[in-house]
Amino acid sequence: MIRHILLTSMLLGLVACATTGQVTETYRATDLAGIRFEQILVVGIASKSSSRRRFEDALVAQLGERAIASRREIERTDDISRESVVAAAARTGADAVLVTRLKDAQTRAKSRGGRTDVQARRKDERLVDFFRYDYVDYTDPESLTLLTTAVITTDLYRVSDEARVYAFESSAADAKTIEELVDALSRTVASSVRRSGLLP
């Protein structure tokens, strides 16, 4: 029983510490009744190929077998264009294209103030004695944690007529690492796409 309570407490603590995302729907086409997309080509727009790869792979992992990372079809980030995306969709059999790009990112430093302690430094190796110690002040240095908040935009296009059918903005706040930020954003985007009702 105690073990179960401890395990539950630990899991709740982990959930509480995880960076979460928020979604704001910005557009939904009016002719989506009954439409379900079978295969989605995921396109991440980024200045660095490593950032694009990281996000596309994370989002594909969240969406599952219906998603394909565009980097497998379009290797160079600067080669992404309407023509290359349409060709990649044709090669992969995708009937929808999901395009995500960074809208805004801000990083702030969170500091944890230093503190001063008194520490004893031994004068010699003889019998321990209060008077055989020098007492010196030791200041624990201030630590800084960088926290990043990002907003991304996501547009879902129908391949058949290249029409945008769904769009939303996602945000994740106070991520301590890039991995944590990507994980939160990819989970949020995937969840929103599922809730849209556009996947079977």
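Note that the structure is predicted; figures quoted are calculated from it, not measured.

J.: Quick question: what am I supposed to make of the environment of arginine 52 here?
T.: Among the structural elements, arginine 52 can be located in helix 2 (residues 49-63). For arginine 52, a relative accessible area of 2% corresponds to the buried category. Through-space distance from the C-alpha of arginine 52 to that of threonine 77 is 7.7 Å; in sequence the pair is 25 residues apart.

J.: Is there a simple way to explain the nonpolar core in this structure?
T.: The tendency in soluble globular proteins is for nonpolar side chains to be buried as a group. Leu59, Leu63, Leu98, Leu156, Val165, Val189 and Val193 are the most contacted members of the largest nonpolar core, which has 31 residues in total. Contributing elements (two or more residues each) for this core: strand 2 (40-45), helix 2, strand 3 (67-69), strand 4 (96-112), strand 7 (143-158), strand 8 (163-175) and helix 4 (178-195). Take this core: its biggest share by element is 7 residues, from helix 4. Aside from chain neighbours lying at most four places away, what touches valine 165 is Tyr27, Arg28, Ala29, Leu32, Phe37, Leu156, Arg158 and Leu198. Counting 11 residues, the second largest nonpolar core, distinct from the first, contains Val43, Ile74, Val85 and Val99.

J.: What should I look at first to understand the confidence of the model for the protein in this one?
T.: In this model, the protein carries a mean pLDDT of 83, and residues with pLDDT of at least 70 account for 76%. Long-range and interchain partners of residues 1-17, a stretch whose pLDDT sits below 50, account for 0 contacts in this model, where long-range means more than four residues apart. In this model, residues 122-133 is a region of pLDDT below 50 whose contacts with residues beyond four sequence positions or in other chains number 16 contacts.

J.: How should the packing of aromatic side chains be read in this particular structure?
T.: One pair of aromatic rings is described through two measures. These are the centre distance and the angle between the planes. With the rule as written, the count across this model stands at 1 aromatic pair. Summarising the aromatic geometry, the rings of tyrosine 166 and phenylalanine 168 are spaced 5.3 Å apart at their centres and angled 45 degrees between planes, so their arrangement reads as tilted. Of the two residues, tyrosine 166 and phenylalanine 168, neither departs from the other in class, the shared state being buried. The ring of tyrosine 27 has arginine 164 sitting right over it, with the charged end atom 4.5 Å from the ring centre.

J.: Whenever I open this one, the pairing of strand 8 confuses me. Can you help?
T.: A regular strand carries its side chains on alternate faces of the sheet. The sheet contact formed by strand 1 (residues 21-28) and strand 8 spans 7 bridges and is antiparallel. Within strand 8, the position partnered with glutamate 25 by the bridge is phenylalanine 168. Relative to strand 8, strand 7 is paired through 10 bridges, and the arrangement is antiparallel. Across the sheet, residue threonine 148 finds its bridge partner in strand 8, namely alanine 175. Linking strand 7 back to strand 8 in an antiparallel pair, the connection comprises 4 residues, with glutamate 162 at a positive phi of about 60 degrees.

J.: I'm lost on the packing of helix 2 against helix 4 in this one. Help?
T.: Two packed helices can be described by the angle between their axes and the distance between those axes. Interhelical geometry of helix 2 versus helix 4 gives an angle of 45 degrees and a closest axis separation of 9 Å. In terms of orientation, helix 2 lies oblique with respect to helix 4. Judged by the twist between their axes, the crossing of helix 2 over helix 4 is right-handed. Between helix 2 and helix 4, the contacting residues are Arg54, Phe55, Ala58, Leu59, Gln62 and Leu63 on the first element and Ile178, Glu179, Val182, Asp183, Leu185, Ser186, Arg187, Val189, Ala190, Val193 and Arg194 on the second. Partitioning the contact of helix 2 with helix 4 into residue classes produces 10 nonpolar, 2 polar and 5 charged.

The rules behind each value
- Residues numbered from 1 in each chain as written.
- Predicted model: local features only at pLDDT ≥ 70, side-chain atom pairs only at ≥ 80, totals over all residues.
- Heavy atoms only, no water.
- Helix = DSSP H or I, 4+ residues; strand = E, 2+ residues; numbered from the N terminus.
- Buried < 20%, exposed > 50% of the residue type's maximum accessible area, 1.4 Å probe, protein only.
- Core = buried A, V, L, I, M, F, W, Y, C linked by side-chain atoms within 4.5 Å.
- Contact = heavy atoms within 4.5 Å.
- pLDDT = per-residue confidence, 0-100.
- Phe/Tyr/Trp six-rings, centres within 6.5 Å; stacked < 30°, edge-to-face > 60°.
- Lys NZ or Arg CZ within 6 Å of the ring centre and 35° of its normal.
- Pairing = 2+ DSSP bridges.
- Axes fitted to C-alpha atoms, helices over the stretch in contact; angles between N-to-C directions.
- Parallel < 35°, antiparallel > 145°, perpendicular 65-115°, else oblique.
- Left-handed = near helix turned anticlockwise from the far one by under 90°.
- Nonpolar A, V, L, I, M, F, W, Y, C, P; charged D, E, K, R; others polar.

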